[in-house]
Amino acid sequence: QVQLVESGGDLVQPGGSLRLSCAASASISRSNAMGWYRQAPGKQRASVASITYGGITNYADSVKGRFTISRDNAKNTVYLQMNSLKPEGSAVYYCNAHPSPYYAWGQGTQVTVSS
């Protein structure tokens, strides 16, 4: 069973940047795209970005041009570079398989965007 551990969340001012990491405990299948999801208080968890094993990316409209997803297959790690952060980006961020998140959810990493 693959375990996912997210890290890199923090308190940041609007307009700031953060880089999130998601480390998997075992190799992720080549057939699995991976994604970053986020869940704000009182809202459903939603996908923000995804990346295939070969590096094809896709983004939610709300983060296009500001977020960049990448992966290091040799390290079983997925990253999310977040620039120009907005207060509405405050949430717990998770990674999982995409579009069907069938791995057990990790604990997530808290991102708070506030002045």
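Draft legend 1. Up close: the environment of G108. Here G108 shows up in the loop between β9 (91-98) and β10 (109-113). Sequence separation of G108 and T68 is 40 residues, and the distance between their C-alpha atoms is 18 Å. What G108 contacts, discounting residues up to four positions off in sequence, is E6, V92, Y93 and Y94.

Draft legend 2. Structural detail: the packing of aromatic side chains. If you walk through the whole model with that rule in mind, you get three aromatic pairs. When the centroid spacing of 5.3 Å and the interplanar angle of 85 degrees are considered together, the rings of Y37 and W105 count as edge-to-face. One end of the pair, Y37, is in strand β4 (residues 33-39); the other, W105, is in the loop between β9 and β10, and 68 residues separate them in sequence. For Y37, a relative accessible area of 6% puts it in the buried group. Relative accessible area serves as the criterion here: at 32%, W105 is assigned to the partly exposed category. Considering the side-chain rings of Y102 and Y103, the 4.9 Å spacing of their centres and the 55 degrees angle between planes classify their relative orientation as tilted. Among the aromatic side chains, those forming a connected cluster through ring pairs are Y37, Y94 and W105. A cation over an aromatic ring shows up here: R45 above the ring of Y94, its NZ or CZ 4.3 Å from the ring centre. Positioned above the aromatic ring of W105 is the side chain of R45, whose terminal nitrogen or guanidinium carbon lies 3.8 Å from the ring centre.

Draft legend 3. Quick look at the nonpolar core. Judged by nonpolar contacts, the single largest core of 28 residues is most densely connected at L4, W36, I69, L80, M82 and Y93. Of all the secondary structure elements, the ones that give two or more residues to this core are β3 (18-24), β4, β5 (46-51), β7 (67-72), β8 (77-82), β9 and β10.

Draft legend 4. View of the pairing of β3. Where burial is concerned, the two faces of β3 differ: the one with L18, L20, C22 and A24 is buried and the one with R19, S21 and A23 is not. In the sheet, strand β1 (residues 4-7) pairs with β3 via four bridges, with the strands oriented antiparallel. Directly across from S7, in β3, lies its bridge partner S21. Bridge count for β3 against β8 is six bridges, and the pairing is antiparallel. Bridge pairing in β8 places S21 opposite Y79.

About the cut-offs
Residues numbered from 1 in each chain as written. Predicted model: local features only at pLDDT ≥ 70, side-chain atom pairs only at ≥ 80, totals over all residues. Heavy atoms only, no water. Helix = DSSP H or I, 4+ residues; strand = E, 2+ residues; numbered from the N terminus. Contact = heavy atoms within 4.5 Å. Phe/Tyr/Trp six-rings, centres within 6.5 Å; stacked < 30°, edge-to-face > 60°. Buried < 20%, exposed > 50% of the residue type's maximum accessible area, 1.4 Å probe, protein only. Lys NZ or Arg CZ within 6 Å of the ring centre and 35° of its normal. Core = buried A, V, L, I, M, F, W, Y, C linked by side-chain atoms within 4.5 Å. Pairing = 2+ DSSP bridges.

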